[in-house]
Each structure stands twice: as structure tokens, then as C-alpha cells.
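Topology and contacts: notes
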Amino acid sequence: MPAAWIWITAGVVLAFLELLLPGFYLLGFAIGAVATGGLIWAGLIGSVPVALLALAVIAILAWVVLRRALGIRHGQTRIWHRDINEN
């Protein structure tokens, strides 16, 4: 049971750190860590290697879903009107 709280706490910390970064870099890992903690708490995962595999699979799936939901849409282009280095 304590291992589940460690995973969930790590997920919450990663989600908080995501607020400090300009992009969706840690959110997939945060979702994966919280989900892995939930699976450990439910008794579906009992070993560390299986937990790490679950984290990897869930984080990749979460990243793909977030990329499709929040990423650049098809046909959308970014147009820069001015350079940040111009005065």
C-alpha cells in the first residue's frame, strides 16, 4: 500500500512541475505515475518491473492522446509576425 502513495505523490509532483514548463513534457509521466499508483493500490501490480512497464505504456498513451487533443491541428501553421530578437 505505501508504494501506491509514492507513485501517486510522484505523479502529483510531476503535474505541479508541468505548470512551470512551457509545454506538455511531464504531464504524460504524471498521468502514468498516478495511474500506476492506482493500479498498485487496486492490487493489479505487484512488482517494480511491471510497475515501470505500466508507467511507460500509460505515459506513452497519455502523451499521444494529449498530443492529438492539444497539439497543432492538421492544416494549422504557425506564422511568426515578428522575431523575439528584433527591437
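Just so you know, these numbers come straight off a predicted model, no measurement behind them.

Parameters and conventions
Residues numbered from 1 in each chain as written. Predicted model: local features only at pLDDT ≥ 70, side-chain atom pairs only at ≥ 80, totals over all residues. Heavy atoms only, no water. Helix = DSSP H or I, 4+ residues; strand = E, 2+ residues; numbered from the N terminus. Buried < 20%, exposed > 50% of the residue type's maximum accessible area, 1.4 Å probe, protein only. Lys, Arg positive; Asp, Glu negative; His and termini not counted. Salt bridge = Lys/Arg side-chain N within 4 Å of Asp/Glu carboxyl O. Contact = heavy atoms within 4.5 Å. Patch = residues over 30% accessible without salt bridge, like charges linked within 9 Å, V, L, I, M, F, W, Y side chains within 5 Å. Areas by Shrake-Rupley, 256 points an atom, 1.4 Å probe, with all protein chains shown as cover. pLDDT = per-residue confidence, 0-100. Phe/Tyr/Trp six-rings, centres within 6.5 Å; stacked < 30°, edge-to-face > 60°. Axes fitted to C-alpha atoms, helices over the stretch in contact; angles between N-to-C directions. Parallel < 35°, antiparallel > 145°, perpendicular 65-115°, else oblique. Left-handed = near helix turned anticlockwise from the far one by under 90°. Nonpolar A, V, L, I, M, F, W, Y, C, P; charged D, E, K, R; others polar. Polar contact = N/O pair within 3.5 Å; in protein donor to acceptor, adjacent residues only side chain to side chain.

Moving on: the side chain of Glu 18. One can find Glu 18 in helix H1 (residues 2-18). Of the buried charged residues, Glu 18 lacks a salt bridge, with Arg 67 as the closest side chain of opposite charge at 11 Å. Sequence-distant contacts of Glu 18, that is, excluding residues within four places in its chain, are made with Gly 23, Phe 24, Tyr 25, Leu 26 and Leu 27.

Moving on, we get to the environment of Ala 54. With respect to the element layout, Ala 54 can be found in helix H3 (residues 48-70). In sequence terms Ala 54 and Ala 33 are 21 residues apart; their C-alpha atoms lie 8.8 Å from each other. Leaving out residues up to four positions away in the same chain, Ala 54 has contacts with Thr 36 and Ile 45.

Once that is clear, we can look at a nonpolar patch on the surface. Residues Val 13, Phe 16, Leu 17, Leu 19 and Leu 20 make up a contiguous nonpolar surface patch of about 530 Å² in total accessible area. Within the fold, Phe 16 resides in helix H1.

On to the confidence of the model for the protein chain, then. This prediction gives the protein chain a mean pLDDT of 87; 90% of its residues lie at or above 70. Ranking the elements of the protein chain by mean pLDDT puts H3 last with 91 and helix H2 (residues 27-41) first with 94.

Turning our eyes to something else, we now look at the packing of aromatic side chains. For the coordinates displayed, the defined rule picks out one aromatic pair. With 5.2 Å between their ring centres and 50° between their planes, Trp 5 and Trp 41 make a pair best called tilted. Of this pair, Trp 5 sits in helix H1 while Trp 41 sits in helix H2, and the two are 36 residues apart along the sequence.

To continue, consider the packing of H2 against H3. At their nearest, the axes of H2 and H3 sit 7 Å apart, and the two run at 135° to each other. One way to sum up the angle between H2 and H3 is to call them oblique. Between H2 and H3 lies a crossing of right-handed hand. Note on element contacts: H3 touches H2 through Ala 51, Ala 54, Leu 55, Ile 58, Ala 59, Ala 62, Trp 63 and Leu 66, opposite Leu 27, Gly 28, Phe 29, Ile 31, Gly 32, Ala 33, Ala 35, Thr 36, Leu 39 and Ile 40. Its residues placed into classes, the contact of H2 with H3 shows 15 nonpolar, three polar and no charged.

So, on to the side chain of Thr 36. Structurally, Thr 36 can be placed in helix H2. Of the residues examined, Thr 36 reaches a relative accessible area of 0% and is grouped as buried. Within the local environment of Thr 36, its side chain forms a polar contact with the backbone nitrogen of Leu 55, the two atoms lying 3.5 Å apart. Excluding its chain neighbours within four sequence positions, the residues that come into contact with Thr 36 are Trp 7, Ile 45, Ala 51, Ala 54, Leu 55 and Ile 58.

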